[in-house]
Amino acid sequence: MTIFLSGGAKNGKSSLAQDLAVRLAGDGALYYVATMIPVDEEDRQRIRRHVADRAGMGFETIECGRHIFDVLDSADRNGTFLLDSVTALLMNEMFAGSHIDKQAGERCASDLAAFIRSVNNAVIVSDAIYSDAERYDEITELYRTSLAMADRACAAECDTVIEMVAGQPIIYKGGLPE
Amino acid sequence: MVLIIGGAFQGKLNWARETYALADSDVFSCSGLEIDFSRRCVYHLEEFTLACVDADADPVACFEAHAEQWADSVLICDDVSCGVVPMSARLRLWRNETGRLCQYLAAHADRVSRIFCGLEQRLK
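For the structure given in this document, a descriptive report is provided here.

## Some thoughts on unusual backbone geometry
Residue and element names in this part refer to chain A.
Thinking step 1. Residue serine 85 is reached from aspartate 84 by a cis peptide bond, and omega for that bond is 15°.
Thinking step 2. Following the sequence through the fold, serine 85 ends up in the loop between strand S4 (80-84) and helix H4 (86-95).
Thinking step 3. Unlike most non-glycine residues, lysine 10 shows phi in positive territory, near 60°.
Thinking step 4. Here lysine 10 shows up in the loop between strand S1 (2-7) and helix H1 (13-25).
Thinking step 5. Positive phi values are uncommon outside glycine, yet histidine 67 reaches one of about 50°.

## Notes on the layout of surface pockets
Residue and element names in this part refer to chain A.
Thinking step 1. Space inside the largest pocket adds up to approximately 890 Å³.
Thinking step 2. As for the largest pocket, its lining consists of 35 residues, and the residues nearest its centre are Ser14, Met36, Arg46, His50 and Asp84.
Thinking step 3. Listing elements by their share of the lining of the largest pocket, those giving two or more residues are H1, strand S2 (30-34), helix H2 (41-53), strand S3 (60-63) and H4.
Thinking step 4. Looking at the lining of the largest pocket element by element, the count peaks at six residues for H2.
Thinking step 5. Of the residues belonging to the lining of the largest pocket, the class tally is 13 nonpolar, 13 polar and nine charged.

## What to know about the sheet that holds strand S3 (residues 41-43) of chain B
All names here are of chain B.
Thinking step 1. Reading across from one edge, S2-S3-S4-S1-S5-S6 is the order of the six strands in this open sheet, with mixed pairing throughout. Each edge of the open sheet carries a strand with a single partner, namely strand S2 (27-29) and strand S6 (119-122). Neighbour-to-neighbour, the strand axes of the sheet open up by a mean angle of 25°, direction not taken into account.
Thinking step 2. Here strand S5 (residues 111-116) pairs with S6 via four bridges, running antiparallel. Bridging from a neighbouring strand, phenylalanine 116 pairs with leucine 119 of S6.

Criteria and cut-off values
Residues numbered from 1 in each chain as written. Chains lettered and ligands numbered in written order. Predicted model: local features only at pLDDT ≥ 70, side-chain atom pairs only at ≥ 80, totals over all residues. Heavy atoms only, no water. Helix = DSSP H or I, 4+ residues; strand = E, 2+ residues; numbered from the N terminus. 1 Å grid on protein atoms, 1.4 Å probe; cavity = no way out; pocket = protein on both sides within 12 Å on 5 of 7 lines; lining within 4 Å. Points joined across faces, edges and corners; volume = space filled by probe spheres on them. Nonpolar A, V, L, I, M, F, W, Y, C, P; charged D, E, K, R; others polar. Pairing = 2+ DSSP bridges. Axes fitted to C-alpha atoms, helices over the stretch in contact; angles between N-to-C directions.

Now the structure itself:
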């Protein structure tokens, strides 16, 4: 089963995603695909918190900030992949080079769709950043449209689509694993 | 009337096109105070409410005045209610007026849908 999970900040996405991934994996391989490339102490602290959160749950961590399909070079496709998050992946793809990559959204969308099709079980986490009253600059708006493109591609490809609100899952498509 | 809300870029118009068999020519995209109610679908209502703020006009009063013209319409508005309170008074008022209009329209709608990543959550 493949699951796409998004929602606002601090609504319980990561914690539900971990639970779902553990349930999907059963006795099989369980991978945590870490997409954040830390740039400062705040990032490193956040990563340490997430590592501590999932300690003892049986995840093997694969660090992959870009080119998500490379994850499958070394991992077992029959396993279960928790990818957290599309937001960080797109950030890396879009802003890693010397110039802003305007094609990053389309590339992330097609890479993620192919990734989801290639694996047995996946939980893909993103962030809903689309409902504030702000007129953004061109670059921020490009990032928002690109993330939405990647999100919609994941949602179309996954069996189950969930929005987390205050720790409560709203299910738009499919169902939760047993 | 049908009201469709949701965050920006969530596929609201595509969903409306498929659900209500809308052609491009059925869709009016707001960019100011004027709304062509002869089209079946009015899109980007949040641009209309921003124009109302700039013109000191009341978006709800405007819709009340044309009530019979949108009785069978598909109305689409971005949800702009979930961020930090904007620093700018203009955008604060915009957020308020958009919320006020959506509540008014939702009360009069036969169906209210919230679109998330191209998928519907039915609110009414």
